[in-house]
Amino acid sequence: MNGQEQFRAEEGPVGRREYDDGAVVFVADVGVGRDASVDVVGDTAIVVADDEQYEFDIESGENAQAFIKNGVLTVEVNA
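Attention here is on the structure that accompanies the text. (Residues numbered from 1 in each chain as written. Predicted model: local features only at pLDDT ≥ 70, side-chain atom pairs only at ≥ 80, totals over all residues. Heavy atoms only, no water.)

### Considerations on the environment of Phe 26
Alright, step 1. Note on placement: Phe 26 falls in strand E4 (residues 24–29).
Alright, step 2. Of the residues examined, Phe 26 reaches a relative accessible area of 5% and is grouped as buried.
Alright, step 3. Along the primary structure Phe 26 and Arg 16 are separated by 10 residues, whereas in three dimensions their C-alpha atoms are 4.6 Å apart. (Helix = DSSP H or I, 4+ residues; strand = E, 2+ residues; numbered from the N terminus. Buried < 20%, exposed > 50% of the residue type's maximum accessible area, 1.4 Å probe, protein only.)

Given below as structure tokens:
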């Protein structure tokens, strides 16, 4: 984290998984029923949940996709 408030979802911090093909996936539970959105700008994921905004660093990659489904935030970064 880069001095910003660390994003902590209802059940804990952002999880990070690395795969053999170089892909990295970040996941977090933002809570079902919350008004939440996510956007990726450069190597930063910006999450807005209700009236709160959080940012966390992600790896630079050629292709990053972020989405929230059923209260679960997922950011996929392909190397």
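Having seen the structure, we can now continue with the description.
### Focus on the pairing of strand E3 (residues 15–18)
Alright, step 1. With four bridges connecting them, E3 and E4 associate as antiparallel partners. Along E4, the bridge assignment pairs Glu 18 with Val 24.
Alright, step 2. If you look at the hairpin formed by E3 and E4, you'll find five residues sitting between the two strands, and Gly 22 has a positive phi there, around 95°. (Pairing = 2+ DSSP bridges.)

### Examining the sheet that holds strand E9 (residues 72–78)
Alright, step 1. The four strands are arranged E3-E4-E9-E8 in an open sheet whose pairing can be described as antiparallel. If you trace the sheet from one side to the other, it starts and ends with E3 and strand E8 (63–69), each paired once. Direction aside, neighbouring strands of the sheet carry axes that sit 15° apart on average.
Alright, step 2. Inspection of the sheet shows E8 paired to E9 by seven bridges, in the antiparallel sense. Across the sheet, Phe 67 pairs through a bridge with Thr 74, a residue of E9. (Axes fitted to C-alpha atoms, helices over the stretch in contact; angles between N-to-C directions.)

### Concerning the sheet that holds strand E6 (residues 44–49)
Alright, step 1. Taken together, the three strands give an open sheet; going across it, the order is E5-E6-E7, and neighbouring strands pair in antiparallel fashion. Every other strand in the sheet has two partners, leaving strand E5 (36–41) and strand E7 (52–57) as the edge strands with one partner each. On average, each strand axis in the sheet is tilted by 20° relative to the strand beside it, whichever way the strands run.
Alright, step 2. With six bridges connecting them, E6 and E7 associate as antiparallel partners. By the bridge assignment for E7, Val 47 is matched with Tyr 54.

### Focus: the packing of aromatic side chains
Alright, step 1. Per the counting criterion, the structure on display carries one aromatic pair.
Alright, step 2. With 5.9 Å between their ring centres and 55° between their planes, Phe 26 and Phe 56 make a pair best called tilted. Of the two residues, Phe 26 is situated in strand E4 and Phe 56 in strand E7; the sequence distance between them amounts to 30 residues. Each member of the pair Phe 26 and Phe 56 is classed as buried. (Phe/Tyr/Trp six-rings, centres within 6.5 Å; stacked < 30°, edge-to-face > 60°.)

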